[in-house]
Amino acid sequence: MGKIKLPQPISAGLMLSYQCNANCHHCMYACSPRWKDWISEEEIKLLLTILAEKIEPNPSGKSSVSLNCGLHFTGGEPFLNFDLLLKAVQMARQLDIPSTFVETNCYWCLDNTGTKQKLEALKEGGLQGILISVNPFYLEYVPFERTERCIKIASEVFAYNTMVYQQEYYYRFKELGIKARLPLEEYLKLEQGDLVKNVELFLMGRASYKLQKFYTKHPPDYFLNEPCLPPLVRNWHNHFDNYGNWIPGYCGGISLGNWHDLDRLCKQGLDLDEQPVLGFLIKQDFAGLIDYSRNFGYEVPREGYISKCHLCVDIRRYLTTKQEFKELKPNEFYSQL
Ligand code: SF4
Ligand code: SF4
């Protein structure tokens, strides 16, 4: 399969841990309370030092933020280890990394005072913005009044650097008068069964299994000519996890290599002959991947797949039960789907 060079990342997400208070149906990285490990302070410093010269600011300036620019702190749920998050933010400031923000599901916003204290501490530590997650899957775990509180106070602390993803759901929940948690089934009753209402949703990671009943399945041929969008190898919005994995974009469970070797990987390239699964994915040869997995006994499910990413993760999950693949990491991702 040969070698492929990896572009230097110009924006990134630092995954402090896969641990989360929630276990959302749509989680791309299969996070949950069952994960226990967190990145160490030494490793944060090492990663940020590697990334510092590479991360580019948001086009509107280094103090502004946007989803695919700069550096974000994420998980899992980073506020589960607030002290570590704060230290990471302070290190990023020392290294002059631009356009930093944190991503949260707001579970921790129990009252106004505590919420404000934490957000102000992060701002003083050098954080420039925040991304607040809103959709019916978080709503199963986080009372909406906490999300509202976070948005209100974050808007005071971070002003226009407060991003809400997805605003459509925020306004919809307010319209519906939701305040507490709501099981997905109850939410669907309110929406007459319409889950997504034309809002962006990636059918990958855990969604491939947990959301099957809402989508039509297709045989593999249906997806073979569909490109990975966004492309697997790209310089923006890559993730770097606490186990040393360089995760391409939103593709949980795939490792481009160890981020400790990032500079070498960018200069010398990846040897795809040593990582056949990655080779098929990068070359977009999904027919080849299916054939390859058949050698291990994989059988295409008769009912098909709901998305190309479902096909991809289903094969990868199967392969990890047969052999160790260094490009399919972390291992636990596959048991947490
Ligand atoms: S989607 Fe976010 S809140 Fe939900 S389990 Fe994953 S990391 Fe946690
Ligand atoms: S098909 Fe696989 S490699 Fe492509 S975007 Fe989906 S999860 Fe990533």
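Residues numbered from 1 in each chain as written. Chains lettered and ligands numbered in written order. Predicted model: local features only at pLDDT ≥ 70, side-chain atom pairs only at ≥ 80, totals over all residues. Heavy atoms only, no water.

For the rest of this paragraph, the subject is the site of ligand 1. Around ligand 1 sit Cys20, Ala22, Asn23, Cys24, His26, Cys27, Cys31, Gly76, Asn105 and Tyr138, and those are all the residues in its vicinity. When the residues that make up the shell around ligand 1 are grouped by side-chain class, the tally is 6 nonpolar, 4 polar and no charged. (Near = heavy atom within 4 Å. Nonpolar A, V, L, I, M, F, W, Y, C, P; charged D, E, K, R; others polar.)

Looking now at the packing of helix α3 (residues 112–125) against helix α4 (residues 144–158). Relative to each other, α3 and α4 sit at 40°, their axes nearing to 10 Å. As summarised for this structure, α3 and α4 are arranged oblique, according to the angle between their axes. Of the two possible hands of crossing, α3 and α4 adopt the one that is right-handed. Residues Asn112, Thr115, Lys116, Leu119, Glu120 and Lys123 of α3 pack against Arg149, Cys150, Ile153, Ala154, Glu156, Val157 and Phe158 of α4. Each residue belonging to the contact of α3 with α4 can be placed in one class, and the counts come to 6 nonpolar, 2 polar and 5 charged. (Axes fitted to C-alpha atoms, helices over the stretch in contact; angles between N-to-C directions. Helix = DSSP H or I, 4+ residues; strand = E, 2+ residues; numbered from the N terminus. Parallel < 35°, antiparallel > 145°, perpendicular 65-115°, else oblique. Left-handed = near helix turned anticlockwise from the far one by under 90°. Contact = heavy atoms within 4.5 Å.)

Turning next to the pattern of salt bridges. What the rule picks out here adds up to 14 salt bridges. For Glu41, the salt bridge identified is with Lys87, shortest N-O distance 3.3 Å. Taken together, the residues span a long stretch of sequence, with Glu41 in helix α1 (residues 41–52) and Lys87 in helix α2 (residues 82–94) at a distance of 46 residues. In this structure Lys87 comes out as partly exposed when scored by relative accessible area, which is 34%. The shortest N-O distance in the salt bridge between Arg172 and Glu191 comes to 2.7 Å. Of this pair, Arg172 sits in helix α5 (residues 167–175) while Glu191 sits in the loop between α6 (184–190) and α7 (207–210), placing them 19 residues apart in sequence. Each member of the salt-bridge network shares a partner with another, and the members are Lys116, Lys152 and Glu156. (Salt bridge = Lys/Arg side-chain N within 4 Å of Asp/Glu carboxyl O. Buried < 20%, exposed > 50% of the residue type's maximum accessible area, 1.4 Å probe, protein only.)

The next subject is unusual backbone geometry. Cis peptide bonds are those with omega within 30 degrees of zero, and the linkage from Gly75 to Gly76 qualifies with 15°. Assignment of secondary structure puts Gly76 in the loop between β3 (71–74) and α2. Looking along the chain, the bond that leaves Tyr165 and enters Gln166 is cis, with omega of 20°. Not every positive phi belongs to a glycine, and Ala159 is a case in point at roughly 50°. As for its placement among the helices and strands, Ala159 is situated in the loop between α4 and β6 (162–165). By relative accessible area, which is 39% here, Ala159 ends up partly exposed.

These figures capture arrangement, not role.
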